[in-house]
Each structure stands twice: as structure tokens, then as C-alpha cells.
Amino acid sequence: MKSVEQHIADILAVVDDPRPVEVDLLQAHGSVLAETVASPVSLPGFDNSSMDGYAVHAADLAQAGPGHPVRLPVVADIAAGDPSPVAIRPGMCARIMTGAPLPSGADAVVPVEWTDGDPARAAFSRPVREGNAIRRAGGDIGAGTVVLEPGARVGAGEMGVLAAVGRRTVSVFPRPRVVVLSTGEELVEPGRPLGPGQIWESNSFMLAAAARDAGCEAHRHGFVGDDPARVLDTLEGLLLRADLVLTTGGVSMGAYDVVKEVLSAQGTVEFTQVAMQPGKPQGFGVIGPDRTPIVTLPGNPVSAFVSFQVLVLPVLRRLRGLPPTSLEGVRARLTAPVASPPGRRSYLRGVLAPAGPGREAAVTPLTRQESHQLTALSTTDALIVVPEDVEELPLGTVVDALVLPDPV
Ligand SMILES: Nc1nc2c(c(=O)[nH]1)N[C@H]1C(S)=C(S)[C@@H](COP(=O)(O)OP(=O)(O)OC[C@H]3O[C@@H](n4cnc5c(N)ncnc54)[C@H](O)[C@@H]3O)O[C@H]1N2
Ligand code: MOO
């Protein structure tokens with residue numbers, strides 16, 4: 001049987017690096033940045049007020065006190081967006097709003113709450129420190145400073161930064177388009193009644209959600225039965241909208257294992273057994289005129305889920321323009337014994353209690369570890385790794401637990 005690492009490397013070898021695309025700013029949401037972004041201007045671009053109040057010479061208010069206010073004539077009224085206002089001389093003040101440019105001469109802003117608010121001749125009952133309520137030009141970043149590096153994911157914060165430095169378009173690796181197709185004659189659309197021997201189709205929903213959580217645009221193409229011509233037609237039909245095709249089912253040893261049958265005949269998809277549990281029967285390759293990558297996952301729901309996390313996530317990272325790394329592992333102590341078949345690396349579903357002050361990380365294997373027992377997938381947050389040459393591990397063993405990712 002092939003090792004997990006070898007299989008990941010083989011799949012990655014048929015997946016090209018993505019090409020950067022210049023997109024309109026909002027469209028960049030969720031993509032990975034392909035360029036270095038520097039600010040063409042300083043932020044703020046000019047000295048301005050952080051409060052609604054009065055721009056003053058601080059020295060004028062040195063003697064101000066509650067019983068003996070200093071009164072100053074208001075010589076200008078400056079709103080945010082006003083062009084560079086006139087200078088104010090000592091003994092004068094200007095009414096100023098938050099974000100409005102500071103008039104030259106002024107060296108402090110007094111919030112309106114500290115005054116009587118008079119628009120013509122304002123009374124100040126306390127002194128003000130020089131520089132009070134002034135936001136200096138360049139106080140956030142200087143002109144020419146790099147604000148975002150390639151590889152940054154464009155989330156809400158990054159979007160705000162890009163707009164604030166004036167970008168209308170940006171070069172990104174767009175979110176890869178993943179199309180998910182399940183196969184199986186027994187499958188029924190959820191919401192429809194079940195006949196004898198039938199089950200509700202769940203893999204394509206699960207994998208479309210997993211691909212979205214991994215930063216992709218995922219399309220659930222649903223499912224087809226076990227008719228080879230139909231399967232091939234369906235696959236050909238969905239290629240136009242796919243950067244990666246994921247299928248489930250029909251890859252094992254059965255008489256009706258249709259994915260294996262039709263794609264083996266293409267000569268560009270390879271089927272193999274990988275030394276993992278679950279997820280042994282696997283296939284990958286390219287299909288269609290554009291040589292679109294395809295990964296064919298086993299039909300058992302838990303096998304499809306684990307195969308996605310272990311084998312497909314690195315591929316999605318590459319398609320997103322990121323290094324194709326695997327899930328991160330933490331060392332954690334088992335709270336119960338576990339078993340594993342010889343010669344295969346098990347990925348058991350578990351619940352992780354992270355390390356805390358004075359406490360080491362612990363991981364609890366869930367019950368119901370068989371490949372069809374998918375209800376544990378709603379509670380698991382980590383995959384417990386049991387190496388190929390180990391068949392059982394007692395309670396208290398420190399193991400690697402792969403942390404299932406949060407949505408990106
Ligand atoms: N003789 C052997 N039989 C099997 C072997 C083997 O080595 N020799 N391997 C077993 C392993 S391991 C796995 S995993 C499965 C994989 O089989 P397939 O990929 O061919 O999947 P199917 O047979 O189509 O389905 C397996 C199982 O999963 C259910 N299923 C399938 N698709 C869906 C779906 N979209 N939603 C929900 N459930 C689905 C299906 O009804 C079957 O119960 O093969 C073993 N057999
Ligand atoms: O390897 Mo299969 O994927 O056990 O269920």
C-alpha cells in the first residue's frame with residue numbers, strides 16, 4: 001500500500017500553481033493576495049482633529065479655570081472634507097469637526113464638552129495640553145510603507161486596509177472552484193422519501209461545506225447513479241466550472257464501482273490503495289481537455305471526510321496560492337485506549353482539550369469509529385494519528401492529534 005505522504009505528493013504533482021488575477025476590490029474577499037501592497041500616501045494624509053471642538057493655541061488657555069474662563073473669538077468653522085483652512089493666529093480659535101484638517105497655527109483641539117459651545121465667542125474653563133485631540137499625518141503609516149504581503153488572506157480587515165490606501169483593484173489568487181459529485185445507485189436527495197435499500201445522500205453536502213470552509217468556491221453537483229455513460233457525461237459537463245473535481249464512491253472492489261471503471265479507461269486517473277484508515281481506496285489524476293485535477297474519494301462518509309482533511313486540503317492550499325501544508329498537529333495525551341489495523345495509519349475522530357496553565361493537552365477518542373458512523377463528525381475537532389506499525393495504544397499515551405481547521 002502507498003504511504004499517505006507519497007499519495008499527497010503524487011496528487012500535488014498534477015496540480016499546477018494558480019495564476020494571479022487582477023480583480024475589483026470587493027471581489028477579492030476570501031482570496032489570497034498575490035502582490036505586495038504599499039500605501040502610496042501617508043495615513044492620515046494631513047494633521048486633523050480627533051474630536052468635535054475648537055482648534056486653539058494651547059498657550060492661550062494656560063490661565064483658564066472654572067471661575068475665570070478664557071473667551072476666544074471663533075474665526076472659522078472647519079468641517080471634515082474642507083480644503084486646507086486658513087491659519088489661526090494667537091488669541092483666536094476655530095470651530096472644528098472630527099476628521100477636519102487642522103488649521104495652521106493651532107497646536108491643540110479642545111473638545112466641545114469642555115467649552116460653552118458658543119459658535120461666535122467660545123468660553124474655555126480649563127487649560128489644554130499641546131497636541132490634544134490631534135491626529136498627526138502619517139500617525140497610522142508613512143507613505144511607501146508595505147501594508148500587506150503576498151499570501152495574506154483578504155478578510156474584512158485586509159479589505160479595509162486595501163480601500164484605505166486607495167486600491168480599486170488588486171492582484172489575487174482567486175478562490176478555487178471545487179465541484180463535488182457523488183455516485184451511487186442507492187442515493188436519494190435529502191427531503192425526498194426513501195425506498196427500500198436507499199439512503200439520503202450526504203457526502204456532496206459535507207464536502208462542498210468542507211471546501212467552502214477551506215476558502216474555496218464550492219459547487220455541489222449532487223449525485224449520479226452507477227451508469228458508466230451517465231457518470232462520464234456528468235463529469236465532462238461539470239469541467240467548465242471546475243478548478244478541481246471531487247467525487248465520492250465507486251472506487252473500491254465492487255462490481256459496480258463506476259468511478260474506477262470509467263476513469264481507469266481514460267488513462268489519466270490512477271487508482272490505488274493508501275495505507276490509511278479510513279480512506280484506503282483512492283484515485284487521482286486529470287480529466288478533460290484542460291487536464292482538470294480530479295480526486296476520487298471513497299464513498300463511506302467518514303472515509304470521504306477524513307480523506308478530504310488529510311489528502312485534499314494540501315491541494316486546496318496550493319490552488320489558493322498557499323504552501324500545500326497538511327493539518328497542524330499537537331501532542332496530546334489519550335484519555336482512553338485506541339486500536340488500529342496493522343499496516344495502516346489510523347485517523348481516529350477525537351475531541352481535543354488544549355493545554356492550559358498547569359494542564360497538558362488531552363484528546364478523547366469518540367466511540368463509533370467505523371467508516372459509516374458519521375454522526376461523530378459533528379462533535380470531532382481533531383484526528384488522532386495512530387502510526388502504521390502500531391495496533392493499539394493504551395490510555396495515557398501521548399499522540400499526535402491533527403486539529404481540524406476553523407473556516408477560513
Ligand atoms: N471487497 C472489498 N470491499 C471493500 C473494500 C475492499 O478493500 N475490498 N474497501 C472498503 C473500504 S475501506 C471503503 S472506504 C469502501 C469504499 O467504497 P466505494 O468508494 O466504492 O464507495 P461505495 O461502495 O459507493 O459506498 C461505500 C458506502 O458509502 C455509502 N455512500 C456512498 N456514497 C455516499 C454518499 N454520497 N452519501 C452517503 N453515503 C454514501 C454507500 O451507501 C456505502 O455504504 O469500500 C469498502 N469495500
Ligand atoms: O478505508 Mo475505508 O475508507 O475504511 O472505510
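If you check an unreviewed UniProt entry, the protein appears there as Molybdopterin molybdenumtransferase from Nocardiopsis flavescens. Taken directly from UniProt, the Cofactor (unreviewed entry) text for the protein runs: "Mg(2+)". What the UniProt record of the protein gives under Catalytic activity (unreviewed entry) is the line "adenylyl-molybdopterin + molybdate = Mo-molybdopterin + AMP + H(+)".

(A) Geometry of the packing of helix 3 (residues 203–213) against helix 6 (residues 301–319). One can describe the packing of helix 3 onto helix 6 by two numbers: an axis separation of 11 Å at closest approach and a directional angle of 30°. Accordingly, the angle class assigned to the pair helix 3 and helix 6 is roughly parallel. Judged by the sense of rotation from one axis to the other, the crossing of helix 3 with helix 6 is right-handed. The residues of helix 6 that touch helix 3, namely those facing Asn203, Met206, Leu207, Ala210 and Ala211, are Pro301, Ala304, Phe305, Phe308 and Leu316. Broken down by class, the residue content of the contact of helix 3 with helix 6 amounts to nine nonpolar, one polar and no charged.

(B) Examining the pairing of strand 17 (residues 244–248) more closely. Of all five residues that make up strand 17, five are buried, and the element is covered over most of its length. The alternating pattern of strand 17 places Leu244, Leu246 and Thr248 on one face and Val245 and Thr247 on the opposite face, and all of these are buried. Pairing of strand 13 (residues 177–183) with strand 17 involves five bridges; the strand directions are parallel. Counted as the bridge partner of valine 179 is valine 245 from strand 17. In this structure, strand 17 lies alongside strand 21 (residues 292–297), joined through four bridges in parallel fashion.

What counts as what
Residues numbered from 1 in each chain as written. Chains lettered and ligands numbered in written order. Predicted model: local features only at pLDDT ≥ 70, side-chain atom pairs only at ≥ 80, totals over all residues. UniProt positions renumbered as here; feature names shortened; annotations may be inferred. Axes fitted to C-alpha atoms, helices over the stretch in contact; angles between N-to-C directions. Helix = DSSP H or I, 4+ residues; strand = E, 2+ residues; numbered from the N terminus. Parallel < 35°, antiparallel > 145°, perpendicular 65-115°, else oblique. Left-handed = near helix turned anticlockwise from the far one by under 90°. Contact = placed C-beta atoms within 7 Å. Nonpolar A, V, L, I, M, F, W, Y, C, P; charged D, E, K, R; others polar. Buried ≥ 20, exposed ≤ 12 C-beta atoms within 10 Å, placed from the backbone. Pairing = 2+ DSSP bridges.

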